[in-house]
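# Structural overview for review
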Amino acid sequence: MTTQARDEIKIGGLGASRKRVEDNRFIRGKGNYVDDIVLPGMLHMEILRSPLAHARIVSIDTSKAWAIPGVRLVLTGEMMATRNLAWMPTLSYDTQAVLATDKVRFQGQEVACVIADDPYIAKDACEAIVVEYEALPVIVNPTQALADGAPLIRDDKENQHDNVVFDWEVGDRDGTERAFAQADLVSKLELHYPRSHPSPMECCGSIADFDRSTSKLTVYMTTQAPHIIRAAVALVAELPEHMIRIVSPDLGGGFGNKVPVYPGYVMSILASILLERPVKWIEDKTGNLISTGFARDIYLKGELALRKDGKILGVRMHTDSDHGAFFSDAQPSKFKIGLMHSAFSCYDIPSAHLTARGVYTNKAPGGVAYRCSFRVTEAMYFQERMVQAAADDLGMDQAEFRRRNFVRDDDFPHRTPFGFLTDSGQYGKCLQVGLEAIGYEDFLKQKEEAKSRGRLLGIGISTMTEPLGAGNSREYDILGIKMFDSAELRVHMTGKAILRTGAKTQGQGHETTWAQIVAHELGIPADDIVVEEGDTDTAPFGMGTYASRSTPVAGAAVAMVSRKVRAKARKLAAHLLEVSEEDIEWELGRFYVRSSPETGVSIQDCAYAAYSNMPDGMEPGLENVAYYDPPNLTWPFACYIATVEVDPQTGVWDVLRFVAVDDCGVRINPMVVEGQIMGGLTEAYAMASMQFITFDAQGNCIGSNYMDYLLPTAWETPGWELHEVVTPCPHHPIGAKGIGECATVGGPAAFVNAVLDAIKDTGVRNIDMPLLPDRVYEAITQRHDVSGAPPVKMDDHD
Amino acid sequence: MYPSRFRYEAPRSIEEAIALLQQGGGEAKLLAGGQSLVPLLKLRFASPELLIDINNLPGLDYHKVDPDGTIRIGALCRHADLERSAILASRQPTMAAAAPLVADPIVRNRGTLVGSLCHADPQGDWASVVTALGGHVVAQGPNGRRKIPVSQFVTGPFQNALAYDEIAVEAVIPAPKGTVAGGYLKLERRVGDFATAGVAVAIERSGAVVTRAGIALTGVGSATIDATEAAKALVGSPLSAETIAQAAELAAGAAQPRTDHRGSAAYKRQIVRTFVERILTRVEQSSEKAG
Ligand SMILES: Cc1cc2nc3c(=O)[nH]c(=O)nc-3n(C[C@H](O)[C@H](O)[C@H](O)COP(=O)(O)OP(=O)(O)OC[C@H]3O[C@@H](n4cnc5c(N)ncnc54)[C@H](O)[C@@H]3O)c2cc1C
């Protein structure tokens, strides 16, 4: 170990598993969440939601609500319309109702809201509102949406004559045709990725505080992207941007659920403007689960063109995605189906073609996110399920089949089948580390041996590389705003510092890891750096935290701003050492004279000089700001391997072992990275085993509370065995890549592949997630595939 | 989530609680562990005018065994007390097996067995256990106490046999006449989940011969199911592969499951069959080992 590296761990720099500084307040119950904030004169808002999934609103009678003492305001769609706020634009260039005017289009849609002295009164008043509905036929899946004569959900839109949101394609149609014509074998698979929900522990909420005397609007809210919200309020509500302050305090998780703009935020803002008092809205768990941004809900028809020797010649995919009542995907790409076409990026496949169709249904809108870069989760699940099915169809070992098709280490930069550019990778090594860790050959023997005693063991592999870290600004924007990010660093005279970025931590640990990047670049101990995010009045403009973009973009900006500060410190050092800048060398935390290494000054000396002893003509102070526009996405990759045992009498399956090999490049804080991976794997396990939202024929949401929407606990969650391969990102200033989502993205297929491997002798090729025991049992005993969302009967609610 | 307005009283004696129930005239609710009632309140599925918190009633937090082997569980005995109970561990295998499968550790710290019986959720675990054991509930009202066999106590989904001014003070498991064996198995999707299907089996034997049997089913009907025919098939002979298979089949037949998002009716029957078989096979094998 070099002296420098040793110093670096000591000061909490790169590679230090420094404890998370934010946890100090969280574990003491001293976090400051939106609901903890109490302002003088604050009122409370409750939302009345539609019990029906599709219905015309005949009338709304609010008179009884107004009559309840303590009620200050009752808002309906009609009143919103007089202010042109009944509808709002979505991030996907559609419109979404803030409060329903004409009809309701999903169960849980916002119909009215009440602002009152306390939340109990507001709730009582909501119950006193009488809404008369005229029920309409309900659509809950793409088949129904596309059927002839299907009722038109979006009759509010001019030129919308069916329920199609988009028809989109990418890739080489003709080349792919040719590849399939040359195939020895075509492997086909139809899959469904069920609807789920990010379900952060803290639901959404806001406190809008409009002060007439200053004309300033302050909104404390649960947002992963405060600056985007400010921009949206400025552009949509036409309030002057400098008079809007968005504050995102501590967040109890986000997972993408807190990127979109929700009606509740808009109503609390309007209510505060009308009443000139702070208005607090705190969503309840059911409201969060039934009305806010869901995830997935997409069907695939996939085909692989195969040569007998195992080479994949081409891939064809068609997706039908269910967007709910409004197309409000929160994703910044110009691709209608997000980054679905990042599928198969780790495989060397000459041709590929994807068609994607999106539909409206009578379900909650606002999808895409859930620890996933814009459909990457679905892309990698589809990919790895298709890969396993193809290996089985060929009768080839699943590890060997992958090995034969991986992009080779010396083949970068590599153009992926759908046209992305990957820059580095060691896919074969990653797989190898995984196979060795799980003891692949031994397990195969064990499995055969168990079979002879009637026990069903299986092993499933999932390997993938995924694009993380939007942008670059050429290809990624939100409402035209480019996907860069920012960091601002101010070093105080004693060498302590404050760092602010345009990202917004919600569990990722930015307060810990950003300081480590600064420590690495400047040699200032991480403990001497405070990190602040989430206040648009103080933070530099940034696009927020989701899609694993913080380390790739904001984290890069942190390194770059530190380098700018170091450049100025170097001038100060030259001045202090009385030599010219060219004669100065840098080592961690210290400048020294090249010819006399023992003569040096610390970064702290330079900081003090910046306030007390700067050379003539130099601006005082030691601070800077950097805006970073990444040249490319980052491409972490991973190999996940699960072994399972299936109980043939009940369909219950248990995970025996799970090995994860992640390559996220240089690890800033290994402990934080491992935390991200373990959390992601837990969510992967959740989706594979139990976590889903479904609807009955009337559009009633099944999964509207935690008795039905199952989050795994420590009890069920398997133990994770973590390994790493490190391939530094070639374009990131410190070689890091995104990691927040890899495990959620790549994990599910490993579980599903393992269960299917265990029951391979039945001839079953697919069970759609979630692999609830009854579905596995059905597959084993009926010897058929089990597809689609689990069935629901109306009278079976509990 | 915000419940409707209610009045709150916390009496210090059973008599006071009964007087309050009479005052409430059917619009009052007793609050024990609150693990079923509070969720209903916050969802406004229940909006009682008066909430009578019985947690301050003295002397009801016991579970104890009489000299003759009768087990008594007071109204304020928590699930967690039963989970950690030395009495159950040594004397009552069906209850001991069920206790750690009820809900999750947090719920078990507050929830009560008697409250669970009163709540009469068809997916509640204790009602099956107490049914399989042939237990009863002791109710106290203005005119004193009466015994209600648990099979008559649960009258339907979320309905019990108590009069509006009665309080259930204890649950009683009668003294066994033979050696006790049994178990409880539950298929849940996740810890804290209600049963997709649950099976309680309780037997007593004299030598190897089964002298009494009870089998009750959770979550596979509109109320707890007492599978009496299945139990009968075990009585009068030693456990054998044949009687076990017969009991399992009869229990599966007694189930009245419905297809829902937890599984198909046929699947739930299969779980009942498998669980009856597994519990009894385990009992048989352990007695073989012992003998
Ligand atoms: C997350 C969660 C998971 C759960 N999972 C399970 C599970 O897997 N299996 C299971 O069996 N249960 C489960 N439960 C329910 C739990 O077991 C409850 O504790 C139990 O059903 C009720 O007991 P309690 O003391 O909490 O009753 P309370 O909620 O206080 O009362 C329930 C009802 O019984 C009445 N009542 C209570 N005590 C008396 C009395 N002494 N006399 C007359 N009436 C009375 C009340 O008025 C009320 O109507 C779960 C609960 C939760 C919140």
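Quick caveat: nothing in here was measured; it's all calculated off a predicted structure. (Residues numbered from 1 in each chain as written. Chains lettered and ligands numbered in written order. Predicted model: local features only at pLDDT ≥ 70, side-chain atom pairs only at ≥ 80, totals over all residues. Heavy atoms only, no water.)

### Examining the overall build of chain B
In terms of regular secondary structure, chain B is built from 12 helices and 14 strands. Whereas a compact globule of 291 residues would reach a radius of gyration of roughly 19 Å, chain B reaches 19 Å, a difference of no more than 12%. Seen along its three principal axes, the alpha-carbon backbone of chain B occupies a region of about 55 × 45 × 30 Å. The buried share of chain B, reckoned over its 291 residues, is 56%. Sequence-distant contacts, at least 24 apart, represent 63% of the contacts inside chain B between residues at least 6 apart. Total accessible area computed for chain B in this model is approximately 11900 Å², and 51% of it derives from carbon and sulfur atoms. In chain B, the 31 positive side-chain charges and the 28 negative ones have mean positions that sit 3 Å from each other. (Helix = DSSP H or I, 4+ residues; strand = E, 2+ residues; numbered from the N terminus. Rg over C-alpha atoms; globule rule 2.2 N^0.38 Å. Buried < 20%, exposed > 50% of the residue type's maximum accessible area, 1.4 Å probe, protein only. Contact = heavy atoms within 4.5 Å. Areas by Shrake-Rupley, 256 points an atom, 1.4 Å probe, with all protein chains shown as cover. Lys, Arg positive; Asp, Glu negative; His and termini not counted. Charge placed at Lys NZ, Arg CZ, Asp CG, Glu CD.)

### Notes on the packing of helix H11 (residues 376–394) of chain A against helix H19 (residues 742–758) of chain A
Residue and element names in this part refer to chain A. Between H11 and H19, the least distance of the axes is 8 Å, while the angle of their chain directions is 30°. Put simply, H11 runs roughly parallel to H19. Once H11 is placed against H19, the crossing between them reads as right-handed. Seen from H11, the contacting residues are Val376, Thr377, Met380, Tyr381, Glu384, Arg385 and Gln388; seen from H19, they are Thr744, Val745, Pro748, Ala749, Val752, Asn753, Leu756 and Asp757. A per-class count over the contact of H11 with H19 returns 8 nonpolar, 4 polar and 3 charged. (Axes fitted to C-alpha atoms, helices over the stretch in contact; angles between N-to-C directions. Parallel < 35°, antiparallel > 145°, perpendicular 65-115°, else oblique. Left-handed = near helix turned anticlockwise from the far one by under 90°. Nonpolar A, V, L, I, M, F, W, Y, C, P; charged D, E, K, R; others polar.)

### Side note on the domain arrangement of chain A
Residue and element names in this part refer to chain A. Structurally, chain A comprises domain 1 (23–31 + 484–628), domain 2 (34–136 + 203–250 + 258–291) and domain 3 (377–468 + 632–790). The straight-line distance from the C-alpha centre of domain 1 to that of domain 3 is 39 Å. Contact with domain 1, which involves 19 residues of that partner, is made by 16 residues of domain 3. Between domain 1 and domain 3, a total of about 1200 Å² is buried, with carbon and sulfur atoms accounting for 62% of that surface. The tally of links between domain 1 and domain 3 comes to 0 salt bridges. Between the two partners, domain 1 and domain 3, sit 8 residue pairs in polar contact (both at pLDDT 80 or more). Among the elements of the structure, helix H15 (510–522) and helix H16 (550–577) are those that each provide at least two residues to the side of domain 1 that touches domain 3. A total of 7 residues in the side of domain 1 that touches domain 3 trace back to one element, the largest contributor, which is H16. (Domains from an automatic or database assignment. Buried area = accessible area lost by both parts, 1.4 Å probe. Salt bridge = Lys/Arg side-chain N within 4 Å of Asp/Glu carboxyl O. Polar contact = N/O pair within 3.5 Å; in protein donor to acceptor, adjacent residues only side chain to side chain.)

### Some thoughts on the site of the ligand
Taken together, 32 residues surround the ligand, and among them B:Leu30, B:Gly34, B:Thr112, B:Asp125 and B:Lys186 come closest. Positioned at a junction of chains, the ligand has nearby residues supplied by chains A and B. The separation between an oxygen atom of the ligand and a polar main-chain atom of B:Ala32 is 2.8 Å. Within the backbone of B:Ala168, one N or O atom sits 2.9 Å away from a nitrogen atom of the ligand. Its free accessible area being 970 Å², the ligand has 92% of it covered by the protein chains. Within the residue set of the shell around the ligand, elements represented by two or more residues are strand E2 (28–31), helix H7 (113–119) and strand E10 (167–173) of chain B. If one sorts the elements of the shell around the ligand by residue count, H7(B) sits on top with 5 residues. Of the residues belonging to the shell around the ligand, the class tally is 16 nonpolar, 12 polar and 4 charged. (Near = heavy atom within 4 Å.)

### Focus on the domain arrangement of chain B
Residues and elements named next belong to chain B. If you check the domain split of chain B, you get domain 1 (7–53), domain 2 (63–173) and domain 3 (179–286). Once you take the C-alpha centre of each, domain 2 and domain 3 turn out to be 19 Å apart. Contact with domain 2, which involves 26 residues of that partner, is made by 27 residues of domain 3. Counting across the domain 2 and domain 3 interface gives 1 salt bridge. For Asp125, the salt bridge goes to Lys186, with nearest N and O atoms at 3.0 Å. Here domain 2 and domain 3 share 9 residue pairs in polar contact (both at pLDDT 80 or more) between them. Mapped onto the side of domain 2 that touches domain 3, the elements with two or more residues apiece are helix H5 (93–98), helix H8 (125–132) and strand E8 (154–156). Considering every element that reaches the side of domain 2 that touches domain 3, the biggest residue donor is H8, with 6 residues. Here the side of domain 2 that touches domain 3 is built from residues that sort into 13 nonpolar, 9 polar and 4 charged.

### Concerning the packing of aromatic side chains
One pass over the structure, following the stated rule, counts 29 aromatic pairs over all chains. The interplanar angle of 25° and the centroid separation of 6.1 Å between the aromatic rings of A:Phe26 and A:Tyr33 together place this pair among those described as stacked. A:Phe26 gets classed as partly exposed once you look at its relative accessible area, which sits at 27%. Geometrically, the ring pair formed by A:Trp653 and A:Tyr685 is edge-to-face, given 6.1 Å between the ring centres and 75° between the ring planes. One end of the pair, A:Trp653, is in strand E31 (residues 653–663); the other, A:Tyr685, is in helix H18 (residues 670–689), with 32 residues separating them in the sequence. Of the two residues, A:Trp653 and A:Tyr685, both sit in the buried class. Aromatic rings pair up to connect A:Phe344, A:Tyr347, A:Phe406, A:Phe412, A:Tyr427 and A:Phe637 into one cluster. The ring of A:Phe294 has A:Arg195 sitting right over it, with the charged end atom 3.4 Å from the ring centre. The aromatic ring of B:Tyr62 is capped on one face by B:Lys64, whose charged end is 4.3 Å from the ring centroid. (Phe/Tyr/Trp six-rings, centres within 6.5 Å; stacked < 30°, edge-to-face > 60°. Lys NZ or Arg CZ within 6 Å of the ring centre and 35° of its normal.)

### Comments concerning the interface of chain A and chain B
With 33 residues of chain A at the contact, the number on the chain B side is 26 residues. Of the roughly 2700 Å² buried between chain A and chain B on both sides combined, carbon and sulfur atoms contribute 55%. Seen at the junction of chain A and chain B, the total is 3 salt bridges. Between A:Asp647 and B:Arg278 there is a salt bridge, with the nearest N and O atoms lying 2.9 Å from each other.

### Quick notes on a nonpolar patch on the surface
All names here are of chain A. Side chains of Met493, Tyr608 and Tyr611 sit close together on the surface and give an oily, nonpolar patch of about 300 Å² of accessible area. The residue Met493 is located in the loop between strand E23 (485–491) and strand E24 (497–501) in this model. Overall, the relative accessible area of 40% leaves Met493 in the partly exposed class. (Patch = residues over 30% accessible without salt bridge, like charges linked within 9 Å, V, L, I, M, F, W, Y side chains within 5 Å.)

### Side note on the pattern of salt bridges
Residue and element names in this part refer to chain A. By the definition in use, this model includes 73 salt bridges over all chains. Among the ionic pairs, Arg402 bridges to Glu384, the shortest N-O distance being 2.7 Å. Within this pair, whereas Arg402 is found in helix H12 (residues 398–405), its partner Glu384 is found in helix H11, the two being separated by 18 residues in sequence. Under the relative-accessibility criterion, Arg402 is labelled buried at 0%. With a relative accessible area of 0%, Glu384 lands in the buried category. Linked through salt bridges whose partners overlap, the residues forming this network are Arg56, Asp94, Asp102, Lys103, Arg105, Arg154, Asp155, Asp156 and Lys157.

### Focus on the packing of H11(A) against H12(A)
The description of two helices packed together rests on the angle between their axes and the distance between the axes. All names here are of chain A. Running from N to C, H11 and H12 cross one another at 110°; their axes reach a closest spacing of 9 Å. Comparing their axes, H12 and H11 come out roughly perpendicular. Once H11 is placed against H12, the crossing between them reads as right-handed. Touching Glu384, Val387, Gln388, Ala390, Ala391 and Leu394 of H11 are Gln398, Phe401 and Arg402, all from H12. For the contact of H11 with H12, the per-class residue count stands at 5 nonpolar, 2 polar and 2 charged.

### Comments concerning the sheet that holds strand E3 (residues 50–53) of chain B
All names here are of chain B. The 3 strands lie next to each other as E1-E3-E2, forming an open sheet whose pairing is parallel. With partners counted over all chains shown, the strands left at the sheet margins are strand E1 (7–9) and E2, one partner each. Neighbour to neighbour, the strand axes of the sheet diverge by 25° on average, direction disregarded. By the bridge criterion, 4 bridges tie E2 to E3 in an arrangement that is parallel. Across the sheet, Ala28 pairs through a bridge with Leu50, a residue of E3. Along the sheet, helix H1 (residues 14–24) contacts E1, E2 and E3; its crossing angle with E3, the most-contacted strand, is approximately 170°. (Pairing = 2+ DSSP bridges.)

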